Amino acid sequence: MNNNRVLVAMSGGLDSSVVAMLLHEQGYEVLGITMKVWDYDYLGDSAPESGCCNLDSINDARTVAVTLGFPHHVLDLRKEFKDLVINDFVAEYMKGRTPNPCILCNTHMKWDALLQKADQLGCQYIATGHYAQISNVNGRYILSKGVDENKDQSYVLWGLSQEKLARTLFPLGGFEKPMIRQMAIQRGYDKIATKRESYDICFIPDNDYRSFLKANVTNLDEIVGEGNFVNSSGKILGKHKGYPFYTIGQRKGLVIAMGEPYYVIKIDAETNTITLGPKHELGGTHAFIKNCNFVKWTEIPKDFLATVKIRYKDKGSKAIVNQIGDYIDIEFLDEVTSIAPGQSAVIYDKEEVVAGGFIYTQMT
């Protein structure tokens, strides 16, 4: 294994291209790899012309590699991605939960595939364009936020094990996004510097997950059918189109007039019932997480005061956290809105990730 050889995940976008440039300039022996995980066939003629996994993106990544003089590989992971990420995404919505596919992809597919390829190519390290940082404190690898608060991606990386963190480089973690763009321009990569940002969910470029579900679940409308909107007292308020088409905290698209804004408070997949209520009913102070990964420590101190994020763009809220068997109990000091089963809660000690897991509203 060559300690100076690094396999760089290259999407063809700005961030990963600058990663390759920086590591090349720092004297690493760089090898590039682009992972093809998805085709946009279900969109037909409206499929995006550029973006993740398209031929243009693969060619852009290869162009950077050729210009800098290092090898570039393409890894076809479409089957693995569908079997793991897509199937889970659909299954979670069919359970009335709200998944975050990026976390599952990072934790259980992308890093595994990259490290396996790195081993084959004799690379000690892999590198990605994520905005996060890794430090080694007394032999334990600690994940922390990137310097750019607006771009920090530590939330979607909580599932990475110690073994994976030990072999990962995040060269962009210490920079802000405008500086990264300027770096590309200074090196003559104006086209890459002006490319659009990647999608929130790479396989749903139009952000219409409802159409995606219909394309991936045969006769979904017939299987689910209409159900009742009810209030917190159980009074029927109207009809909805089927529980998989709604998420906790949703306000738009309810097509129901209540005289004040109403939100999705609860989703019951078994009865195809959706509870609506005013914003004050959306708040909560308690959640459990399981399938946890412990990052900063192997155990969390009792009654630990932490900052907890329950969504990617969440600024975080103060909470007392405790381990209870396989679960972590989170008690927020103040109400937080839209605690959505299926999403992740990530526990921070200042800038450092303590642990993360998937949200449950109660221990099951």
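This text goes with the structure placed above it.
If you're wondering where the values come from, they're calculated on a predicted model, not measured in any experiment. (Residues numbered from 1 in each chain as written. Predicted model: local features only at pLDDT ≥ 70, side-chain atom pairs only at ≥ 80, totals over all residues. Heavy atoms only, no water.)

(A) The arrangement of the overall build of the protein in detail. A tally of regular secondary structure across the protein gives 9 helices and 17 strands. Seen through its principal axes, the protein has C-alpha atoms that stretch 65 × 55 × 35 Å. Burial status across the protein gives 52% buried among its 364 residues. For the protein, long-range pairs separated by at least 24 residues make up 66% of all intrachain contacts whose partners lie at least 6 apart in sequence. A total of about 17,200 Å² of accessible surface is found on the protein, and carbon and sulfur atoms cover 48% of it. Averaged over its 39 positive side-chain charges, the protein has a centre that lies 1 Å from the centre of its 44 negative ones. (Helix = DSSP H or I, 4+ residues; strand = E, 2+ residues; numbered from the N terminus. Buried < 20%, exposed > 50% of the residue type's maximum accessible area, 1.4 Å probe, protein only. Contact = heavy atoms within 4.5 Å. Areas by Shrake-Rupley, 256 points an atom, 1.4 Å probe, with all protein chains shown as cover. Lys, Arg positive; Asp, Glu negative; His and termini not counted. Charge placed at Lys NZ, Arg CZ, Asp CG, Glu CD.)

(B) A look at the packing of helix α1 (residues 14-25) against helix α6 (residues 177-186). Taken N-terminus to C-terminus, the directions of α1 and α6 make an angle of 65°; their axes are 10 Å apart at the nearest point. Judged by the twist between their axes, the crossing of α1 over α6 is left-handed. In contact with Leu-14, Asp-15, Val-18 and Leu-22 of α1, α6 contributes Lys-177, Ile-180, Arg-181, Met-183 and Ala-184. (Axes fitted to C-alpha atoms, helices over the stretch in contact; angles between N-to-C directions. Left-handed = near helix turned anticlockwise from the far one by under 90°.)

(C) Summary view of the packing of helix α3 (residues 78-94) against helix α8 (residues 209-216). Across the interface, α3 lies against α8 with an axial gap of 11 Å and an inter-helix angle of 105°. By the angle between their directions, the pair α3 and α8 is classed as roughly perpendicular. Between α3 and α8, the residues in contact are Ile-86, Phe-89, Val-90 and Tyr-93 and Tyr-209, Phe-212, Leu-213 and Asn-216, respectively. Tallied by class, residues from the contact of α3 with α8 come to 7 nonpolar, 1 polar and no charged. (Parallel < 35°, antiparallel > 145°, perpendicular 65-115°, else oblique. Nonpolar A, V, L, I, M, F, W, Y, C, P; charged D, E, K, R; others polar.)

(D) Local environment of the nonpolar core. Core analysis: the biggest nonpolar cluster contains 62 residues, and Leu-7, Phe-81, Phe-89, Leu-157, Phe-203, Phe-212 and Val-264 have the highest contact counts within it. With 8 residues, helix α4 (residues 101-120) is the single largest residue contributor to this core. Discounting chain neighbours no more than four positions away, the residues touching Leu-7 are Leu-31, Gly-32, Ile-33, Leu-114, Lys-117, Ala-118, Leu-121, Cys-123, Tyr-125, Ile-126 and Ala-127. Counting residues in each nonpolar core, the second largest holds 25 residues, with Val-19, Ala-20, Val-30 and Ala-193 among its members. (Core = buried A, V, L, I, M, F, W, Y, C linked by side-chain atoms within 4.5 Å.)

(E) View of the environment of Lys-79. Relative to the assigned elements, Lys-79 resides in helix α3. Using a relative accessible area of 59% as the deciding quantity, one classes Lys-79 as exposed. Considered as a pair, Lys-79 and Lys-36 are 43 residues apart in the sequence and their alpha carbons are 10.0 Å apart.

(F) Seen up close, the sheet that holds strand β11 (residues 273-277). Reading across from one edge, β9-β8-β11-β10 is the order of the 4 strands in this open sheet, with mixed pairing throughout. Only two strands of the sheet have a single partner each, and these edge strands are β9 (236-240) and β10 (263-268). Taking each pair of neighbouring strands and ignoring which way they run, the sheet shows an average axis angle of 30°. (Pairing = 2+ DSSP bridges.)

(G) Looking closely at the environment of Asp-60. Position of Asp-60 among the secondary structure elements: in helix α2 (residues 55-68). Along the chain, Asp-60 and Lys-191 lie 131 residues apart, while their C-alpha atoms are 9.3 Å from each other. When residues no more than four places from it in sequence are discounted, the contact partners of Asp-60 are Gly-12, Lys-191, Ile-192 and Lys-195. Within the structure, Asp-60 has its side chain in polar contact with the side chain of Lys-195 (distance 2.9 Å). (Polar contact = N/O pair within 3.5 Å; in protein donor to acceptor, adjacent residues only side chain to side chain.)

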